[in-house]
Amino acid sequence: MAQVLAICGSLRKGSFNRMLMQASMKLAPGGTTIKEAPSFAALPLYDFDKQSVGFPPEADALNAAVDAADGVLIVSPEYNWSVPGGLKNAIDWLSRYKQESFKHKPVCIQSAAVGLLGGARMQYHLRMVLQAMEAEVFGRPEVIVTMAASKFADGALKDQLTIDLVRQQLAAFVDFIERRRR
Ligand SMILES: Cc1cc2nc3c(=O)[nH]c(=O)nc-3n(C[C@H](O)[C@H](O)[C@H](O)COP(=O)(O)O)c2cc1C
């Protein structure tokens, strides 16, 4: 049994990445649950002066959810070849807690983008950031959804090859979590 927390890097309503995250929730192996993380949308920009007064409740909620999960699935678009600012800001807040929730936490990454590279550059940058937090970043199979507009319809993931790949990745990620538990 694994409890996975899913963080979507896009805030927009019609987000392909949110649809990919929702598909993952259904494609997780038996005994695994994937639930969406508390939103980071209302987090202020990281500022040490604000931290000194107290962490915002949105950061507390996200940090507690990451801490309680057996693993984290981050599903995000690529903005200007890198990690979207809102997601990076949320990670920066979480990195400031004494008890860092991402430390030794198994993390799996997925991306969807309308371009030919499917958010691959964001994935490599996000790996580096997670490494700084001493997270245990899952390797492969990778889920990189290229030309996303052609793979989703009616609010859901429709591309069979991608569906199969997501299923394989999540099964391998749950094995990765189990190996770290032993
Ligand atoms: C600020 C911004 C920067 C973007 N930069 C990239 C990029 O570097 N590479 C890419 O493939 N797509 C880029 N895009 C296009 C996104 O792939 C596209 O908007 C995608 O639908 C975003 O994911 P979402 O549907 O989950 O919101 C960018 C979009 C925005 C709004």
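Residues numbered from 1 in each chain as written. Predicted model: local features only at pLDDT ≥ 70, side-chain atom pairs only at ≥ 80, totals over all residues. Heavy atoms only, no water.

Engineer: Please give an account of the site of the ligand that cites residues and values.
Structural biologist: As a structural note, the neighbourhood of the ligand is formed by 14 residues, with Ser-10, Ser-15, Asn-17, Glu-78 and Trp-81 the closest of them. Note that an oxygen atom of the ligand is positioned 2.7 Å from one of the side-chain N or O atoms of Ser-10. Protein chains shield 72% of the accessible area of the ligand, which is 610 Å² for the free molecule. Looking at the shell around the ligand residue by residue, the classes come out as six nonpolar, five polar and three charged. (Near = heavy atom within 4 Å. Polar contact = N/O pair within 3.5 Å; in protein donor to acceptor, adjacent residues only side chain to side chain. Areas by Shrake-Rupley, 256 points an atom, 1.4 Å probe, with all protein chains shown as cover. Nonpolar A, V, L, I, M, F, W, Y, C, P; charged D, E, K, R; others polar.)

Engineer: I'd like a rundown of the packing of helix H3 (residues 57–68) against helix H4 (residues 85–94), residues and numbers included.
Structural biologist: The geometry of H3 relative to H4 is characterised by a closest axis approach of 10 Å and an angle of 80 degrees between their N-to-C directions. As the angle between them shows, H3 and H4 are arranged roughly perpendicular. On the side of H3, the interface is formed by Ala-59, Leu-62, Asn-63 and Val-66, while H4 contributes Ala-90, Trp-93 and Leu-94. Broken down by class, the residue content of the contact of H3 with H4 amounts to six nonpolar, one polar and no charged. (Axes fitted to C-alpha atoms, helices over the stretch in contact; angles between N-to-C directions. Helix = DSSP H or I, 4+ residues; strand = E, 2+ residues; numbered from the N terminus. Parallel < 35°, antiparallel > 145°, perpendicular 65-115°, else oblique. Contact = heavy atoms within 4.5 Å.)

Engineer: Provide a residue-level description of the pairing of strand S2 (residues 32–36), including the pertinent values.
Structural biologist: Pairing of strand S1 (residues 2–8) with S2, which is carried by five bridges, proceeds in the parallel orientation. Residue pairing for S2: Ala-2 is matched across the bridge by Thr-32. The parallel pair S1 and S2 is bridged by helix H1 (residues 16–27), and the resulting crossover is right-handed. (Pairing = 2+ DSSP bridges. Right-handed = clockwise from strand over helix to strand, strands pointing away.)

Engineer: Help me get a handle on the nonpolar core, residues and values and all.
Structural biologist: Generally speaking, a soluble globular protein has its nonpolar side chains buried in company with each other. One finds Ile-7, Leu-62, Val-66, Ile-74, Phe-102, Leu-126 and Leu-130 to be the most contacted residues of the largest nonpolar core, which totals 29 residues. The set of elements that each furnish at least two residues to this core consists of S1, H3, strand S3 (71–76), H4, strand S4 (106–112) and helix H5 (120–132). Here this core gets five residues from one element, more than from any other, and that element is H4. Residues in contact with Leu-62, not counting those within four places in the same chain, are Ile-7, Ala-37, Pro-38, Phe-40, Ala-90 and Leu-94. In this structure, Val-143, Ile-163, Leu-170 and Ile-177 belong to the second largest nonpolar core, which totals 27 residues. (Core = buried A, V, L, I, M, F, W, Y, C linked by side-chain atoms within 4.5 Å. Buried < 20%, exposed > 50% of the residue type's maximum accessible area, 1.4 Å probe, protein only.)

Engineer: Quick rundown of the pattern of salt bridges? Include the residues and the values.
Structural biologist: For the coordinates displayed, the defined rule picks out eight salt bridges. Across the salt bridge formed by Lys-88 and Asp-92, the nearest N and O atoms sit 3.0 Å from each other. You can see Lys-88 and its partner Asp-92 sitting in helix H4, four residues apart, about one turn around the helix. Here Asp-92 falls in the partly exposed class, since its relative accessible area comes to 25%. (Salt bridge = Lys/Arg side-chain N within 4 Å of Asp/Glu carboxyl O.)

Engineer: Run through H1, naming residues and quoting values.
Structural biologist: Count 3.6 residues to each turn of an α-helix, and residues three or four apart come out pointing the same way. Taking 1.5 Å as the rise per residue, H1 with 12 residues should run 16 Å; its terminal C-alpha atoms sit 16 Å apart, in good agreement. Counting buried positions over the 12 residues of H1 gives nine, a clear majority of the element. Three or more residues of H1 are buried, namely Phe-16, Asn-17, Arg-18, Met-19, Leu-20, Met-21, Ala-23, Ser-24 and Leu-27. Structurally, the start of H1 carries an N-cap: the backbone nitrogen of Asn-17 is 3.1 Å from a side-chain oxygen of Ser-15. (Expected span 1.5 Å × (residues − 1).)

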